[in-house]
Amino acid sequence: MKNKIILLVIALALVILPFASEKVAYFGVIAFFGAILAVSTNIFMGYCGQIMFGGAAFALIGGYTVGLMEKFWDVPFGLSVLCAIVVGAIIATIVSFPLLRMRGHVLAIGTFALFIVAYATVSSGFTKITGGEDGISLAKLDMGGFLSNDVGFYLIMLVVLALCLWISYAVRNSRVGWAMLTISQDETAAASMGMNVRYYLFIGLLLNGVMATLAGAIYVKWMEWVSPEFFSITTNIMIILSLFIGGIGTLIGPIIGGLVTFLLPQFLLAWPDWHVLIFAGLLTVTLLFAPKGILGLFSVFRRTEK
Amino acid sequence: MEYFLTVLVSGIGIGCMYGFVGLSFASIFNCSKVVNFALGDLAMLGAYGSSLLVFSGIVPVPIGLIGAIALPVIAGLMINYGFVEPLLKRNRPMIMIVIGTMTAGMIIAAIISKITAYRVFPTRLIFGSSPITWEMLRISPQYLAIIIAAIVISVLYYLFLKKTKMGLGVTVAGLDADMASLIGVKLGTARLISWIIAGIMCGIVGFLLGPVALPSGKMGTDILLYGFIAAVVGGFGNPVGAIIGGLILGCLISFSAAYISGGMVQLIVFTLLLIILAVKPTGLLKE
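Note that the structure is a prediction, hence the values are computed from the model and not measured. Going along each chain's sequence as written, the residues are numbered from 1 onward. Going through the entries in the order they are written, you letter the chains from A and number the ligands from 1. Owing to the predicted nature of the model, reporting of local features is limited to residues with pLDDT of at least 70; listing and counting of side-chain atom pairs is limited to 80 or more, with chain, interface and lining totals taken over all residues. Side-chain numbers here rest on the full set of heavy atoms in the structure, without hydrogens or water.

(A) View of the interface of chain B and chain A. Residue contacts are defined here by distance: any two heavy atoms, one from each residue, within 4.5 Å place the two residues in contact. On the side of chain A, 39 residues touch chain B, which itself brings 39 residues to the contact. At the boundary of chain B with chain A, total buried surface from both sides reaches about 3,400 Å², with 80% on carbon and sulfur atoms. When a carboxyl oxygen of Asp or Glu lies within 4 Å of a side-chain nitrogen of Lys or Arg, that pair is called a salt bridge. Between chain B and chain A we count 0 salt bridges in total. In protein, a polar contact means a hydrogen-donor-capable atom and an acceptor-capable atom, both N or O and within 3.5 Å, with residues adjacent in sequence counting only if both atoms are side-chain atoms; elsewhere, any N or O pair within 3.5 Å suffices. Here chain B is connected to chain A by 5 residue pairs in polar contact (both at pLDDT 80 or more). Counting from the N terminus, the helices are DSSP H or I runs at least four residues long and the strands are E runs at least two residues long. Among the elements that take part in the side of chain B that touches chain A, helix 4 (residues 94-116) of chain B stands out by supplying 12 residues, more than any other. When two components associate, each loses some accessible surface as probed by a 1.4 Å sphere; the sum of these losses over both components is called the buried area.

Written out as C-alpha cells, the structure reads:
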C-alpha cells in the first residue's frame, strides 16, 4: 500500500512537472528517450544475459520508418508509429536468425554489425531515398492547440516509458522472466532441463527491438527531423553506459542510468570533452564499487531491499 | 590486371594492420580471457607518438619508434593495474571487465582530444612517397613496410609463445589458470606480459598507420572495430586466425571500395560479416 502511494505521487509529480517550465519538458523528452532505450536493452542484455551493442539500430529503424512514410506517402503520425512497431518486430525477427546463433564476443560484434549496417544504409548507402547525412525533415505534430509541442511529447514519452517499464516488470515476474534468468546464469543447464533457449532469447530480442523502435519513432517526430546523427555510435555507447551506470538486470536501474547518461551531455554542451571523462569516472566507480549500479549503492544502506 | 594487383596489395596491407590488432586481442584474451576494448586507443597513442616525435622532426625515426611503442605499453600497464586487475580481483562478470577496458579507452581518447585540441599534425611518409615498381606492380612503401612488419612480428610472437619458458607460461595461464599457478606460473606476471606484448603490437600498428591515416582522437574506434572483426572472423584467440581474418577483411574493404563505391564499403563489409558469423558463429578457424 505504501509503495503504491509513493508510485502515485511520483507519477503525479512527473505529469505536473513539465507544466512548470518548458525547459523541463524539453530535457524530459531527451531523458525519457534514453530511459526507454536503456529499459529495452536491459531485457536482452540484463535479463537474458546476452550482449547487445546495437540498441540504437532499432531506434534508427523506428525513426526512419516514420520519416520515410511521411516523406513518400504522407502517412499520419499515429499510423506510422504503429507501422514502425510492426517493422521493428519484423526486423527483430529476421536478425534473430543470425544473432541468436552467436554468443559472447561474437554476439557483441554481430549486434554491432547490425547497427553499422542500419547506420550505413541510411547515411551513405541509399542516400537518394533517405537523404543521407541531411536526413528528412518532418512536419510539426498537431497537439490540438492546448498543449505546447514539448509538453505534448513529454507526456507521450512518459506514457510510453511507463508502458515499457510495466512490460519489463511483467516479464521479470513471469515464467518467461525466470526462464531468462536461468539462461543468463547457465545456458547449458537451462537447455538440459528442456527449456527452449532460443524461444526465450527471441522474446528478449523482440521486446528489445520493438521498444527501441517505438522510442526512435516518437523521438524523430519531436525533433521534426530524422538524421543518422541521432542514432550514432555515441548513442549506441550511451545506451550501454546507462545500463552499467544504472545497474544492469535491475528494474529501475536502467531508467536512472538512462536519465543520467542522456541528460549529462545536454548540461555540459559547452565542455564537450568533459562529459566523456565524467561518464568514465562514474562508470569506473560503479564497476569497481557498485556492480548493481547507482541504485545498488543505496541498497547498501537499506538492508531490506534485495 | 594492374589495377587488380594494386588493389590486392593495398588490401593485404590494410588486412595485415587489422590482423595485427586482432593478434593483440588474442595475446590478452589467451592469457586472461579479457577482451580488451582499449586496444584501438592504444594504437592511437602509438600513432600520435610517431607523428609528434618523428614527423615534426624532433627525433630520428628509430627513437620515434621506441617512443611510439613506449606510450601504448605504459598506457596498457596503467589500464591493467587501474582497471583490469582490480575488477578481476573482485570477480566481476567478464562483460563488466570489457566495459572497464572500454572506459579506459574512452578516457585515453578524451584526454588526447583535450591535449591536442583536435589539431591535425603534419605527417611524413617514413619510407618516401614514390611507389616501388616491380614488373607491372606498384606498391606504396608504407604498405610494404606494414606487410613485412606483420610477417616478422607474427613469427616472433609464435616463437615467443612456443619456444620460450615465459611464453609457455603465458599460454598455460590462459588454458587453465588454477593448473598454471600449481605448476609455478605467476598469473599476475603472465597477464602483465600479455599486456606488454599487446602494447608493443599496438605501438607498431600506430607507428605505421600514423602517416597513412591522419591521427585523431577518434581513430581508435575504427582500429578497434576492424581489429575486433579480424579477430572474431578468424576465430577469437587464434593468432593465425586473427591474421587470416584481417587479410579477408582488408581485401573485402579494398575491393568493395575500388570496384563498387566508397559509400557502400561499410554496408557490404558488415552485411557479409553478419552472414559469415551466422554460418560459422565460432569464426573460420577454431577458437
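Structure's up, so let's keep going.
(B) Main features of the packing of helix 5 (residues 104-125) of chain A against helix 9 (residues 219-234) of chain B. All axes here are fitted lines through C-alpha atoms, helices being fitted over the stretch that makes contact, and every angle between N-to-C directions spans 0 to 180 degrees. In the contact formed by helix 5 of chain A and helix 9 of chain B, the axes pass within 10 Å of each other and the chain directions differ by 130°. On the basis of their axis angle, the class for helix 5 of chain A and helix 9 of chain B is oblique. The handedness of the crossing between helix 5 of chain A and helix 9 of chain B is left-handed. The residues of helix 9 of chain B that touch helix 5 of chain A, namely those facing A:His105, A:Val106, A:Ala108, A:Ile109, A:Phe112 and A:Ile116, are B:Leu225, B:Phe228, B:Ile229 and B:Val232. Should an angle lie under 35 degrees it is considered roughly parallel, over 145 roughly antiparallel, and from 65 to 115 roughly perpendicular; all remaining angles are considered oblique. Put simply, a crossing is left-handed when the front helix is turned counterclockwise from the back one by less than a right angle, and right-handed when it is turned clockwise.

(C) Looking closely at the environment of B:Ile97. Residues and elements named next belong to chain B. If you trace the backbone, Ile-97 turns up in helix 4. Measuring from C-alpha to C-alpha, the distance between Ile-97 and Leu-87 comes to 6.3 Å, with 10 residues separating the pair along the chain. Excluding anything up to four places from it in sequence, Ile-97 contacts Val-34, Val-84, Leu-87, Leu-88 and Arg-92.

(D) Spatial organisation of the side chain of B:Ser27. Residue and element names in this part refer to chain B. You can see Ser-27 is positioned in helix 1 (residues 2-32). Exposure categories follow from relative accessible area, calculated using a 1.4 Å probe and restricted to protein chains: below 20% of the type maximum is buried, above 50% is exposed, and the middle band is partly exposed. Exposure remark for Ser-27: the relative accessible area of 2% places this residue in the buried category. With sequence-adjacent residues up to four places away left out, Ser-27 is seen in contact with Tyr-157, Ser-194, Ile-197 and Ala-198.

(E) Geometry of the confidence of the model for chain B. All names here are of chain B. Within chain B, residue pLDDT values average 83, and 92% of them lie at 70 or more. Ranking the elements of chain B by mean pLDDT puts strand 1 (residues 132-134) last with 70 and helix 10 (residues 239-259) first with 89. For this predicted complex, the interface confidence score (ipTM) comes to 0.84, while the overall pTM stands at 0.88. The pLDDT value tells you how sure the predictor is about a given residue, anywhere from 0 up to 100.

(F) Region of the structure containing the packing of aromatic side chains. Pairs were defined over the aromatic rings of Phe, Tyr and Trp, the Trp ring being its six-membered one, requiring ring centres within 6.5 Å. Orientation was assigned from the angle between planes: stacked under 30 degrees, edge-to-face over 60, tilted for the rest. Taken as a whole and judged by the stated rule, the model has 26 aromatic pairs over all chains. Between A:Phe230 and A:Phe231 the ring centres are 6.2 Å apart and the planes differ by 80°, which places this aromatic pair in the edge-to-face class. For the pair formed by A:Phe230 and A:Phe231, the shared burial category is buried. Ring pairs connect the aromatic residues A:Tyr26, A:Phe27, A:Phe33, A:Tyr219, A:Trp222, A:Trp225, A:Phe230, A:Phe231, A:Phe262 and A:Phe267, which therefore count as one cluster. Geometrically, a charge over a ring is one whose NZ (Lys) or CZ (Arg) sits within 6 Å of the ring centre while staying within 35 degrees of the ring normal. Between the NZ or CZ atom of B:Lys33 and the centre of the ring of B:Phe29, over which it lies, the distance is 5.1 Å.

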